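Chain by chain, the residues:
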Amino acid sequence: MVTIGRSAQWFPGASNNHVLKGISLLKSQRLAVLPIDSYDLDSELSVVDRHEYGGEYDAFTFGSWSGHVLANGSGADSDTAFRPHDGRLTLTELGRQLPGIMSLVTDNFPLDRLQWVRIFSLRDGIILPHVDFLEFAEPGTRLQIPLRTSEESLHSENEFVYHIRRGEVWKIHTTDPHAARSSSGTARLSLCLDFSDAEEPIAIRNDIPATEPIRIMDRPEATEAELEELIDSGRNMTPATMRADFRRFAELHFERRAHITAAFDWYLAAVRRTGNPDMVATAQAFRTYCIEKRVDGEAFDW
């Protein structure tokens, strides 16, 4: 079944990654639902809330976003920049403080291909449209399992905006443009598991039957007046405000029906109204950096 929007329209008989006829498929997939209520995680989630974050990936985020490493190839808390590795998965100091969350991982997932265990925190913020693994020769498999979430926490992929419930296991289609937003004042905490090999299935244990359909959010079309107001705001942009100004363009995709890459199109149209060719070049380069091409360790210079 599929749920469309907040009015909970149901479409019996559809598989779990289909939507309305005439609309292309959501490529991210719900793979399973875990018995998450059998784990007492509240005290450990509070540990994550208090954990300091080093600032990796700030180019892609607004608001309060952080990534917390529980296990990686080195075991170092300071080793936060994702990369594939051939080493043994090693707990960090934070991971050793979170035995319940690590039990959730070891009880339900195979460890032979598991390379990174992280928790992503997002509060009153947005992860900008981007494509993962552009820096690497081969993509891996990324699973996300919300440990704490709310109705205000949303994911998006291409033209879709969808909600992942607590305990659902989703394979995120990372090589298409995607984003996330949480407007809640309480941090959404999502367990992120990165496995080597994008093609080999992940054998998930102990899953339980899903009791809720997948939820795809319905959004109205943007009006011409709304888009003109957004684009015309570019007249007031300066080199100093360019980065902060992009948030408005990324946010609109979550409110109005549009492909996620439209945010870059609207933004470029707005920047052109400044008449500043250097700013236009920066806007074009930012699109390339986010969704087309970048190298390992590259930082974007506004």
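Scroll up for the structure.
Residues numbered from 1 in each chain as written. Predicted model: local features only at pLDDT ≥ 70, side-chain atom pairs only at ≥ 80, totals over all residues. Heavy atoms only, no water.

1. With respect to the pattern of salt bridges
Rule in force here: Put simply, a salt bridge is a Lys or Arg side-chain nitrogen that is within 4 Å of an Asp or Glu carboxyl oxygen. Strands here mean DSSP runs of E at least two residues long; helices mean DSSP runs of H or I at least four residues long; both are numbered from the N terminus. Each residue's exposure class comes from its accessible area (1.4 Å probe, protein chains only) as a fraction of the maximum for that residue type: buried when under 20%, exposed when over 50%, partly exposed otherwise.
The full count for this structure, using the stated rule, is 23 salt bridges. For Arg 294, the salt bridge identified is with Glu 135, shortest N-O distance 2.9 Å. On the criterion of sequence distance, the pair formed by Arg 294 in the segment after helix H7 (277-292) and Glu 135 in the loop between strand E6 (114-130) and strand E7 (141-148) is long-range, its members being 159 residues apart. Relative accessible area serves as the criterion here: at 27%, Glu 135 is assigned to the partly exposed category. The salt bridge involving Arg 256 is made with Glu 226; its shortest N-O contact spans 2.8 Å. Taken together, the positions of Arg 256 in the loop between helix H5 (242-255) and helix H6 (262-272) and Glu 226 in helix H4 (residues 224-232) put the pair 30 residues apart, joining distant regions of the chain. Linked through salt bridges whose partners overlap, the residues forming this network are Arg 118, Asp 132, Arg 142 and Asp 194.

2. Comments concerning a negative patch on the surface
Definition in use: Only residues whose relative accessible area exceeds 30% and that take part in no salt bridge are eligible for patches, with like-charged residues grouped when within 9 Å of each other and nonpolar side chains (Val, Leu, Ile, Met, Phe, Trp, Tyr) grouped when within 5 Å. The Shrake-Rupley method, run with a 1.4 Å probe, gives the accessible areas here. Residue values count only the displayed protein chains as cover. Charged-residue counts in this description rest on Lys and Arg as positive and Asp and Glu as negative, His and the chain ends being excluded. Throughout, a charge is located at the NZ atom of Lys, the CZ atom of Arg, the CG atom of Asp or the CD atom of Glu.
Together, Glu 138, Asp 197, Glu 199 and Glu 200 line one region of the surface with negative charge. Considering the arrangement of structural elements, one finds Glu 200 in the loop between strand E12 (188-195) and strand E13 (214-216).

3. Re the pairing of strand E10 (residues 168-172)
Where we set the bar: Any two strands with at least two DSSP-identified bridges between them are counted as paired.
Counting buried residues along E10, 4 of its 5 residues qualify, which places the element largely inside the surrounding structure. With 4 bridges joining them, strand E3 (residues 29-33) and E10 adopt antiparallel strand pairing. By the bridge assignment, Arg 30 is partnered in E10 with Trp 170. Two strands pair when backbone bridges link them, and E7 and E10 are joined in this way by 3 bridges, in the antiparallel orientation. In the sheet register, Arg 142 faces E10, and the bridge partner there is Ile 172.

4. Thoughts on the packing of aromatic side chains
Here is the rule: Only Phe, Tyr and Trp rings are paired, with Trp represented by its six-membered ring, and only when their centres lie within 6.5 Å; those with planes under 30 degrees apart are stacked, over 60 edge-to-face, the remainder tilted. Charge-over-ring contacts are defined here by two conditions on Lys NZ or Arg CZ: a distance within 6 Å of the ring centre and an angle within 35 degrees of the ring normal.
With the rule as written, the count across this model stands at 13 aromatic pairs. Here Trp 65 and Phe 120 contribute two aromatic rings whose centre-to-centre distance is 5.5 Å and whose plane-to-plane angle is 45°, an arrangement assigned as tilted. With a gap of 55 residues between them, Trp 65 in strand E4 (residues 61-72) and Phe 120 in strand E6 connect regions that are remote in the sequence. When sorted by exposure, Trp 65 lands in the same class as Phe 120, which is buried. Ring plane angle 55° and centroid distance 6.3 Å describe the contact between Phe 264 and Phe 286, whose orientation is recorded as tilted. In this pair, Phe 264 is assigned in helix H6 and Phe 286 in helix H7, connecting sequence segments 22 residues apart. For Phe 264, a relative accessible area of 3% puts it in the buried group. What makes Phe 286 buried here is its relative accessible area of 0%. By way of ring pairs, the aromatic residues Phe 60, Phe 246, Phe 249, Phe 264, Tyr 267, Phe 286, Tyr 289, Phe 300 and Trp 302 are connected into one cluster. It is Arg 243 that lies over the ring of Phe 62; its NZ or CZ is 4.4 Å from the centre.

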